[in-house]
Structure formats: structure tokens, C-alpha cells
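Commentary on secondary and tertiary structure
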Amino acid sequence: AQKVTQAQTEISVVEKEDVTLDCVYETRDTTYYLFWYKQPPSGELVFLIRRNSFDEQNEISGRYSWNFQKSTSSFNFTITASQVVDSAVYFCALSEAEGYSTLTFGKGTMLLVSP
Amino acid sequence: KAGVTQTPRYLIKTRGQQVTLSCSPISGHRSVSWYQQTPGQGLQFLFEYFSETQRNKGNFPGRFSGRQFSNSRSEMNVSTLELGDSALYLCASSPGLAYSYNEQFFGPGTRLTVL
């Protein structure tokens, strides 16, 4: 069975601090996809990134970066120089390979960025 | 392209009643998935419909059901509502293609409150 663990329930930082959100996953599949979604107070899930299990290259997109390590089954998300607008709940999720859409989500990490 | 739409956005019901929620996927998408989000359980997969057939189901009681129409629009129904059914219900659409990655696009959700 697939499982995603986000051990950090809530993180509070002051603007401009760097923050890392942890994600650990479990799956027996050799091919899978990992995701991060952002959920602002409006409720809609906003897609941030997708990684497949064969692509361990780290990625940077502006102030966002992701570190995928298969050896530790982790897919961590770092926000550099956080801003108040980054305040939201962030979800890590896991999906089986092609043909399926079902996502297994972690419980989410609420990030509060204060001015 | 228009995004995923869900109606109604907010709903208040009383215990024992039933409710029907609607989701219109992105044009051309044939797969619709439903998720329940509660503070205690987080985001949980309910079911997925593809070409009017349920092809995957989460671990929910039979009170939760759904269907998909020939235009890919989907409805989910919850009968004999319980207080614990109060949640944000999210719908996601994807192309649903076999043997390829299927990114999911989420709607704004329907917030159901059961009194």
C-alpha cells in the first residue's frame, strides 16, 4: 500500500527565512510519480511540481526547490526567502504509474509566514 | 480552456438527508476523480470515473456513490448523511489516457456541512 508522511503539521517562519517541508513516501511500485500541491485558503489545490521515480534530478523554480532522494524515499520542498503569500497548506502526494490518476496525499503541512 | 467547475460551492444539510454534488471536467478530459478532505483524515480518494465507468474506488462506505455521464460530467451522491461527512469535496479531471502520465486538475471544491 502507498503511504505519504508529512511529519511537520505546522511551520511558522518570519518573512525572508528559508523553510523546508519534509515528505517521506512508501510504495512497492518501481515506477511512480511524486507531487507537491499548494492549497491556499480558497481551497483549490494548486499544482507545484511532478517528479517521476526515474528522475532524481533536483529542480529549482524561482524561490522553490525540490530534493528527491530515492535512497531515503524522500521528496523535500524548500522555499527560499519566504513571503507572506507563501502561507498555505502544502501537500505531498504519490501516484502510481501511467494510466492511473489516483493520488495518495500526505496530511499536509501548514506554513505560516509572518511579516 | 475553462477549468474544472464544481457546484454548488457550499451546502448545508442535516443528518439523514442525502446530497448530490456535481463536477464538470475540463473539456476533452474523460477521467474524473473525487476526494474528501477533512481536518482529521486529510485528503482521501473516493473514486475515479472514466468513460462512464468506475475504475477505482477508495475505502469509503456504500453511502458514497457516483456516476459519470457521456459528456464526462460527474456527480457524487452521499446518502443518509452523518456529521462526519462534513468536508470539502474536491473533484479532479484528467485526460485518463492509458499508458501515459495523467496530470490531475482540481476544482475549487464543494464545502458540505452536515448539521
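Quick notes on the rules
- Residues numbered from 1 in each chain as written.
- Chains lettered and ligands numbered in written order.
- Predicted model: local features only at pLDDT ≥ 70, side-chain atom pairs only at ≥ 80, totals over all residues.
- Heavy atoms only, no water.
- Helix = DSSP H or I, 4+ residues; strand = E, 2+ residues; numbered from the N terminus.
- Buried < 20%, exposed > 50% of the residue type's maximum accessible area, 1.4 Å probe, protein only.
- Contact = heavy atoms within 4.5 Å.
- Buried area = accessible area lost by both parts, 1.4 Å probe.
- Salt bridge = Lys/Arg side-chain N within 4 Å of Asp/Glu carboxyl O.
- Nonpolar A, V, L, I, M, F, W, Y, C, P; charged D, E, K, R; others polar.
- Disulfide = S-S within 2.5 Å.

1. Describing the environment of Phe105(A)
Residues and elements named next belong to chain A. Of note, Phe 105 is situated in strand β11 (residues 103-105). Owing to a relative accessible area of 8%, Phe 105 belongs among the buried residues under this scheme. Counting along the chain gives 78 residues from Phe 105 to Thr 27, while the straight-line C-alpha distance between them is 13 Å.

2. What to know about the interface of chain B and chain A
In this assembly, 27 residues from chain B lie in contact with 19 residues from chain A. Together, the buried faces of chain B and chain A total about 1,800 Å²; carbon and sulfur atoms form 53% of this surface. Run the count over chain B and chain A and you get 0 salt bridges. Elements with a contribution of two residues or more to the side of chain B that touches chain A: β4 (31-38), β5 (42-50), β6 (53-57) and β9 (87-94) of chain B. Looking at the side of chain B that touches chain A residue by residue, the classes come out as 11 nonpolar, 12 polar and 4 charged.

3. A few points about the state of the cysteines
In total, this model carries 2 disulfides over all chains according to the counting rule given. Note on cysteine connectivity: Cys23(A) is disulfide-linked to Cys92(A), with sulfurs 1.9 Å apart. Taking the torsion about the S-S bond as the criterion, the Cys23(A) to Cys92(A) disulfide, at about -65°, is left-handed. Of this pair, Cys23(A) sits in the loop between β3 (19-21) and β4 (24-26) while Cys92(A) sits in strand β10 (residues 88-96), placing them 69 residues apart in sequence. Of the two residues examined, Cys23(A) and Cys92(A), each falls in the buried class. Here Cys23(B) is linked by a disulfide to Cys91(B), with a sulfur-sulfur distance of 1.7 Å. An S-S torsion of about -55° defines the bridge between Cys23(B) and Cys91(B) as left-handed. Here Cys23(B) is found in strand β3 (residues 19-24), whereas its partner Cys91(B) is found in strand β9, with 68 residues between them in sequence. Of the two residues examined, Cys23(B) and Cys91(B), each falls in the buried class.

4. Brief notes about the environment of Gly16(B)
All names here are of chain B. Looking at the element boundaries, Gly 16 is found in the loop between β2 (10-13) and β3. Residue classification places Gly 16 among the partly exposed residues on the basis of a relative accessible area of 48%. Note: C-alpha distance between Gly 16 and Tyr 89 (73 residues apart in sequence) is 18 Å. Discounting residues that sit within four places of it in the chain, Gly 16 has contacts with Thr 80 and Leu 81.

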